[in-house]
Amino acid sequence: MKKIVLFTLSVLLVSWAAYKGIEYMENTMTPLALYGEPGHQVPSFTFINQMGESVSSEDISDKIWVVDFFFTSCPTICPKMTRNLQSLHDFVREDEEIRILSFTVDPKRDTPERLKSYAESFRVNHRTWQFFTGEKGDLYKLGNRGFLLSTASTGVDDMDFIHSENIVLVDREQRIRGFYNGTDAKCVQQILRDIKKIKRDKA
């Protein structure tokens, strides 16, 4: 009986090790996809951040971007997304190779001052996590055509906006490398793994 138990445990241990080995290989060796039409890159942009500073994509073109669209008064998916981004930010807040970029879909209300207050409620490093506002049409165009996300006003209610729950990962060449469900806390670890792949490819 003892031999059977030991044999069973050995089989389980080998199976677990094999599974972890496969998982490791998938996480380290499988290349990230490129999204959009062949050659797609996020177009250049300039917006105002929560500090009232004008920031262009050229200013951060050598960084890895983690991107979402939201609005500060959103009562549904935005708080979940922002909390998950906060968890990610806790890992990378001092990493100068990474920028988290949050774009409002409600620029009428989300002024730089309001964005700063919102950012500080999540204890952000204002340098590595930036919140942007600007012209509504420019923001929506960038979300739709640049980051390939749904961003729009419904036209039914002045407070009713459409925006994706997805978080977007963009490499240093402004190419989209991943989409993640920002309402799922498990997305944080996957984004971190994929950031490591992008960093590895640079080496």
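In case you missed it, the structure is sitting above this.
Figured I'd write up the structure that's included with this text. (Residues numbered from 1 in each chain as written. Predicted model: local features only at pLDDT ≥ 70, side-chain atom pairs only at ≥ 80, totals over all residues. Heavy atoms only, no water.)

## Thoughts on the overall build of the protein chain
Secondary structure summary: the protein chain contains five helices and nine strands in total. The helix and strand sequence of the protein chain, counted from the amino end, reads α-β-β-β-α-β-α-β-α-β-β-β-β-α. Within the span of the protein chain, comprising 203 residues, buried residues form 42% of the whole. Expressed as a percentage of contacts within the protein chain between residues at least 6 apart in sequence, the contacts between residues at least 24 apart total 72%. For the protein chain, the exposed surface amounts to about 11100 Å²; the carbon and sulfur share of it is 56%. (Helix = DSSP H or I, 4+ residues; strand = E, 2+ residues; numbered from the N terminus. Buried < 20%, exposed > 50% of the residue type's maximum accessible area, 1.4 Å probe, protein only. Contact = heavy atoms within 4.5 Å. Areas by Shrake-Rupley, 256 points an atom, 1.4 Å probe, with all protein chains shown as cover.)

## Structural notes on the sheet that holds strand 5 (residues 129-133)
Spatial ordering of the open sheet is given by 2-1-5-4-3-8-9, a layout of seven strands whose pairing is mixed. Each having just a single partner strand, strand 2 (54-56) and strand 9 (176-181) make up the two edges of the open sheet. Each neighbouring strand pair of the sheet contributes to a mean axis angle of 35 degrees, computed without reference to strand direction. With three bridges joining them, strand 3 (residues 64-70) and strand 8 (residues 166-170) adopt antiparallel strand pairing. Within strand 8, the position partnered with Trp 65 by the bridge is Val 170. Of the strands in this sheet, strand 1 (46-49), strand 3 and strand 5 are in contact with helix 3 (residues 112-121), which crosses strand 5 at around 150 degrees. (Pairing = 2+ DSSP bridges. Axes fitted to C-alpha atoms, helices over the stretch in contact; angles between N-to-C directions.)

## Regarding the nonpolar core
Core analysis: the biggest nonpolar cluster contains 50 residues, and Phe 45, Trp 65, Val 66, Phe 103 and Phe 147 have the highest contact counts within it. Apart from residues lying up to four places away in sequence, Phe 45 is in contact with Val 55, Ser 56, Ser 57, Glu 58, Trp 65, Leu 101, Phe 103, Leu 142 and Phe 147. (Core = buried A, V, L, I, M, F, W, Y, C linked by side-chain atoms within 4.5 Å.)

## Details of the packing of aromatic side chains
Scanning the model with the defined rule gives 16 aromatic pairs in all. Between Phe 47 and Phe 103 the ring centres are 5.9 Å apart and the planes differ by 80 degrees, which places this aromatic pair in the edge-to-face class. Of this pair, Phe 47 sits in strand 1 while Phe 103 sits in strand 4 (residues 98-104), and the two are 56 residues apart along the sequence. Relative accessible area serves as the criterion here: at 4%, Phe 47 is assigned to the buried category. Pairing Phe 103 with Phe 147 gives two aromatic rings, centres 5.7 Å apart and planes at 45 degrees, and the pair type is tilted. Here Phe 103 is found in strand 4, whereas its partner Phe 147 is found in the loop between helix 4 (136-146) and strand 6 (151-153), with 44 residues between them in sequence. Residue classification places Phe 103 among the buried residues on the basis of a relative accessible area of 0%. In textbook terms, an aromatic cluster arises when at least three aromatic residues are bridged by ring pairs, as seen for Phe 45, Phe 47, Trp 65, Phe 69, Phe 103, Phe 132 and Phe 147. (Phe/Tyr/Trp six-rings, centres within 6.5 Å; stacked < 30°, edge-to-face > 60°.)

## Description of the pattern of salt bridges
The full count for this structure, using the stated rule, is 14 salt bridges. Here Glu 97 ties to Arg 172 by a salt bridge, and the two come within 2.4 Å at their closest N and O atoms. Here the residue Glu 97 occupies a position in the loop between helix 2 (77-92) and strand 4, and Arg 172 occupies one in the loop between strand 8 and strand 9, the gap between them amounting to 75 residues. A relative accessible area of 14% places Arg 172 in the buried class. (Salt bridge = Lys/Arg side-chain N within 4 Å of Asp/Glu carboxyl O.)

## Topic: helix 3
Residues spaced three or four apart along an α-helix face the same direction, because each turn holds 3.6 residues. Along helix 3, the residues that are buried comprise Leu 115, Tyr 118 and Ala 119. Buried residues along helix 3 cover an arc of 100 degrees about the axis, so they all sit on one side. Turning to helix 3, the residues buried within the fold contact strand 3, helix 2 and strand 5. After helix 3 finishes, the residue Arg 123 shows a positive phi value of roughly 55 degrees. (Arc of directions from axis to C-beta.)

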